[in-house]
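A look at the structure
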Protein chains: 2
Amino acid sequence: MATAGKLIVPEKDVHSFIIRCLEAIGTNTEHAKALADALTCADTRGIYSHGLSRIGLYVKCLENKAISDGQGVEPTIVKENISTALVDGNNILGPAIGKFAMDLAMKKAKHSGIGLVSVRGSSHFGIAGWYGLQAIENGMIGMAFTNTYSMLVSTRSKEMVLGTNPISLGAPANDGDSFVLDMATTATALGKVELKGKLGQTLPGGWAIDHEGKETRDPKAFHGLLPLGGSEESGGYKGYGLSMMVEILCGILSGSAFGLNTGNWKKGEGAVNYLWTHFSKSNMAAIFKMAEN
Amino acid sequence: MATAGKLIVPEKDVHSFIIRCLEAIGTNTEHAKALADALTCADTRGIYSHGLSRIGLYVKCLENKAISDGQGVEPTIVKENISTALVDGNNILGPAIGKFAMDLAMKKAKHSGIGLVSVRGSSHFGIAGWYGLQAIENGMIGMAFTNTYSMLVSTRSKEMVLGTNPISLGAPANDGDSFVLDMATTATALGKVELKGKLGQTLPGGWAIDHEGKETRDPKAFHGLLPLGGSEESGGYKGYGLSMMVEILCGILSGSAFGLNTGNWKKGEGAVNYLWTHFSKSNMAAIFKMAEN
């Protein structure tokens, strides 16, 4: 393998490149800007798996109409209370829906102390931590979760029944510092398993399950991801429980798809189908609280 | 070792026994009832570590005045907004404070869709799941967290800096069913490590750290608990992050003790001191949401 050269690209160039890519295929400019914000944020924080490298996937989904180009389409508030709301994303770009939901949650939090917005009809919303960072900019604590397509094999099972279902929290600190948690509730990411396979390395313990539902160190025997905590003995049922918590708050509370209904990439569906099921059915619950009670 | 005999005691007898124990040392009857509810709930759900077996510890703390007998003392609302409140527990029995906070959070949730109450000046509040169960009884989703004294060794460290910091969520389901998550953010409980030691067994992987900050399987070499996920390679930094999230929401947000300030039981303090620091400085953040948005 050749060693890849290192090329530093200014942040603003990446940002404008993403917008131009999406505009070229007819996407709403404001929605494209939200995606550019989310992807650039991921790259500048070193989460390259959720940055510019994903632009091709979003473009494919837009070209396939799996994600709406957003021309004349915005998220709608299905119902709301003083501090809560249910939002339908109407299948536009996920970060544009997420930004709408967070702005609404922060408006409610400014008024009442906390805001919670549950979203359905959404698509992949980028790194969960991006939403907490928006809260921090406004002097608030922010949490965001999303369910995803099934990759997690629950404890005592051999089937993938839940997603990587991330949990995130952003909290402001003194002198411009902050704490940002952004983590999958699986022990690791699918991409890391694949990388170990490509490098011919064995998997660390607690990462993966084979077709028989037994833990495996062999990337070739990989069937599904173990929850955070790995095996039952080392507490994997806790990661499974956390993933279930996110599923309830995102998939079920929003009246959207959950569990196996979010689509299963192992059922012979191609990349686009997999992306479609993933991108069009994931949801978000956003909780905001004013830093000052 | 002799095999312990099995004795079935009716739930109501355990409940009234706890109340009579506390009344005998002058405790407020309503506060004693809240503790009896919490401990009996733990026992009937099979969480014996947090049930009747703990009555002696609460009695000791009450006798030492580490916990207030609650005569003429109730929790107070320090400040509040439409959907949030900061409560001072005034150091009465934890479950009595917790019940006050949950009732307040549910009242706010009924009015605005969600309520969040942060508590300081609290004491050990029993199983975290008891609070979610109260939400379920009222057709709501409930979450409760608490920080605790330091037992968790953070990733790349050899010091115990955070507590077992549990996360809980209770959600109602169809036909009287429900989902209740109640889990420490450490891989296991201190009691389980001690039990392995007593039985002369080695520890499972991912549980414990020795004095050098290295993972150990030897109960005798035990120094601190690993976060959920175990070692760094298997995702332990995620459990550390979750514990930190709870610390922010409970210790810091409430303006109470956090991190090492919650007291360290390894510093030669006796059981009572350890209990005092634990019982008097832990806190709770309770989030409630109406099941119907």
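- As recorded in an unreviewed UniProt entry, chain A goes by the name Malate dehydrogenase, listed as coming from Magallana gigas.
- Quoted verbatim from the Sequence similarities (unreviewed entry) field of UniProt, the annotation for chain A is "Belongs to the LDH2/MDH2 oxidoreductase family."

A few points about the overall build of chain A
- Per the secondary structure count, chain A includes 8 helices and 12 strands.
- Considering only residue pairs separated by 6 or more positions, chain A has 64% of its internal contacts joining residues 24 or more positions apart.
- Accessible surface, chain A as shown: approximately 12300 Å² in total, 54% of it carbon and sulfur.

Examining the nonpolar core
- In terms of nonpolar packing, the biggest core is built from 32 residues, with L242 and M245 of chain A together with L242 and M245 of chain B touching the most fellow members.
- Discounting chain neighbours no more than four positions away, the residues touching M245 of chain A are I167 of chain A together with M143, I167, L169, F179 and L181 of chain B.

Some remarks on the environment of S123 of chain B
Residues and elements named next belong to chain B.
- The topology assignment puts S123 in the loop between β3 (114–120) and α5 (129–137).
- Residue S123 is classed as buried on the basis of its relative accessible area, which comes to 1%.
- Put simply, S123 and D103 are 20 residues apart on the chain and 18 Å apart in space, counted from C-alpha to C-alpha.

What about the pairing of strand β2 (residues 84–88) of chain B?
Residues and elements named next belong to chain B.
- By the criterion of burial, β2 is predominantly enclosed, with 4 of the 5 residues buried.
- Strand direction decides the pairing type here: strand β1 (residues 76–80) and β2, joined by 4 bridges, are antiparallel. Across the sheet, the residue bridging to K79 is L86, located in β2.
- Strand direction decides the pairing type here: β2 and β3, joined by 5 bridges, are parallel. Following the sheet pairing, T84 is matched in β3 by L116.
- A crossover links β2 with its parallel partner β3, the connecting element being helix α4 (residues 94–112), and its sense is right-handed.

Considering helix α4 (residues 94–112) of chain A
- If you check α4 of chain A, its first and last C-alpha atoms are 26 Å apart, about what 19 residues at 1.5 Å a residue would give, namely 27 Å.
- Positive phi shows up at G113 of chain A, right after α4 of chain A, with a value of about 105°.

A short note on the packing of helix α1 (residues 11–24) of chain B against helix α2 (residues 29–44) of chain B
All names here are of chain B.
- Interaxial distance between α1 and α2 falls to 8 Å at its minimum, and their mutual angle equals 145°. Handedness of the α1/α2 crossing: right-handed. Of α2, the residues touching α1 (which contributes E11, V14, H15, I18, I19, L22 and E23) are T29, A32, K33, L35, A36, D37, L39, T40 and T44.
- When grouped by side-chain class, the residues that make up the contact of α1 with α2 number 8 nonpolar, 4 polar and 4 charged.

Describing unusual backbone geometry
Residues and elements named next belong to chain B.
- Of note, the phi angle at N165 is positive, near 30°, even though the residue is not glycine.
- Tracing the backbone through its elements, the reader meets N165 in the loop between β6 (160–162) and β7 (167–172).
- With a relative accessible area of 0%, N165 lands in the buried category.
- Even without glycine at this site, D175 takes up a positive phi of about 55°.
- Mapped onto the elements, D175 comes out in the loop between β7 and β8 (178–183).
- Taking the relative accessible area as the measure of exposure, D175 reaches 84% and is therefore exposed.

A few points about α5 of chain B
- Counting buried positions along α5 of chain B gives 8 out of 9 residues, so the element sits mostly inside the fold.
- For α5 of chain B, the complete set of buried residues consists of G129, W130, Y131, G132, L133, Q134, A135 and I136 of chain B.

Looking at the packing of aromatic side chains
Residues and elements named next belong to chain A.
- Counted by the stated rule, this structure contains 4 aromatic pairs over all chains.
- Summarising the aromatic geometry, the rings of F125 and Y131 are spaced 4.8 Å apart at their centres and angled 35° between planes, so their arrangement reads as tilted.
- An aromatic cluster is defined as three or more aromatic residues linked by ring pairs; in this entry it consists of F125, W130 and Y131.

Focus: the pairing of strand β2 (residues 84–88) of chain A
Residue and element names in this part refer to chain A.
- In terms of burial, β2 is largely enclosed, as 5 of its 5 residues are buried.
- Side-chain alternation along β2 places T84, L86 and D88 on one buried face and A85 and V87 on a second face that is also buried.
- Connecting the antiparallel pair strand β1 (residues 76–80) and β2 is a turn made up of 3 residues.

Some words on the interface of chain A and chain B
- Residue-level contacts link 46 residues of chain A with 47 residues of chain B.
- Across the chain A/chain B interface, buried area totals approximately 3900 Å², and carbon plus sulfur atoms make up 71% of it.
- Between chain A and chain B we count 11 residue pairs in polar contact (both at pLDDT 80 or more) in total.
- For the side of chain A that touches chain B, the elements supplying multiple residues, two or more each, are β2, α4, β3 (114–120), β4 (140–146), β7 (167–172), β8 (178–183) and α7 (236–252) of chain A.
- Element by element, the count of residues in the side of chain A that touches chain B is highest for α7 of chain A, at 9 residues.
- Considered class by class, the residues forming the side of chain A that touches chain B number 26 nonpolar, 15 polar and 5 charged.

Thoughts on the pattern of salt bridges
- Counting across every chain of the model gives 10 salt bridges over all chains.
- Residue K99 of chain A is joined to D103 of chain A by a salt bridge in which the shortest nitrogen-to-oxygen separation is 3.3 Å. Placement of both K99 of chain A and D103 of chain A in helix α4 is noted, with a separation of 4 residues, approximately one turn of the helix.
- As a salt-bridge pair, K12 of chain B and D13 of chain B come within 3.4 Å of each other at their nearest N and O atoms.
- Residue classification places K12 of chain B among the exposed residues on the basis of a relative accessible area of 61%.
- With relative accessibility at 32%, the residue D13 of chain B sits in the partly exposed group.

About the criteria used
- Residues numbered from 1 in each chain as written.
- Chains lettered and ligands numbered in written order.
- Predicted model: local features only at pLDDT ≥ 70, side-chain atom pairs only at ≥ 80, totals over all residues.
- Heavy atoms only, no water.
- UniProt positions renumbered as here; feature names shortened; annotations may be inferred.
- Helix = DSSP H or I, 4+ residues; strand = E, 2+ residues; numbered from the N terminus.
- Contact = heavy atoms within 4.5 Å.
- Areas by Shrake-Rupley, 256 points an atom, 1.4 Å probe, with all protein chains shown as cover.
- Core = buried A, V, L, I, M, F, W, Y, C linked by side-chain atoms within 4.5 Å.
- Buried < 20%, exposed > 50% of the residue type's maximum accessible area, 1.4 Å probe, protein only.
- Pairing = 2+ DSSP bridges.
- Right-handed = clockwise from strand over helix to strand, strands pointing away.
- Expected span 1.5 Å × (residues − 1).
- Axes fitted to C-alpha atoms, helices over the stretch in contact; angles between N-to-C directions.
- Left-handed = near helix turned anticlockwise from the far one by under 90°.
- Nonpolar A, V, L, I, M, F, W, Y, C, P; charged D, E, K, R; others polar.
- Phe/Tyr/Trp six-rings, centres within 6.5 Å; stacked < 30°, edge-to-face > 60°.
- Buried area = accessible area lost by both parts, 1.4 Å probe.
- Polar contact = N/O pair within 3.5 Å; in protein donor to acceptor, adjacent residues only side chain to side chain.
- Salt bridge = Lys/Arg side-chain N within 4 Å of Asp/Glu carboxyl O.

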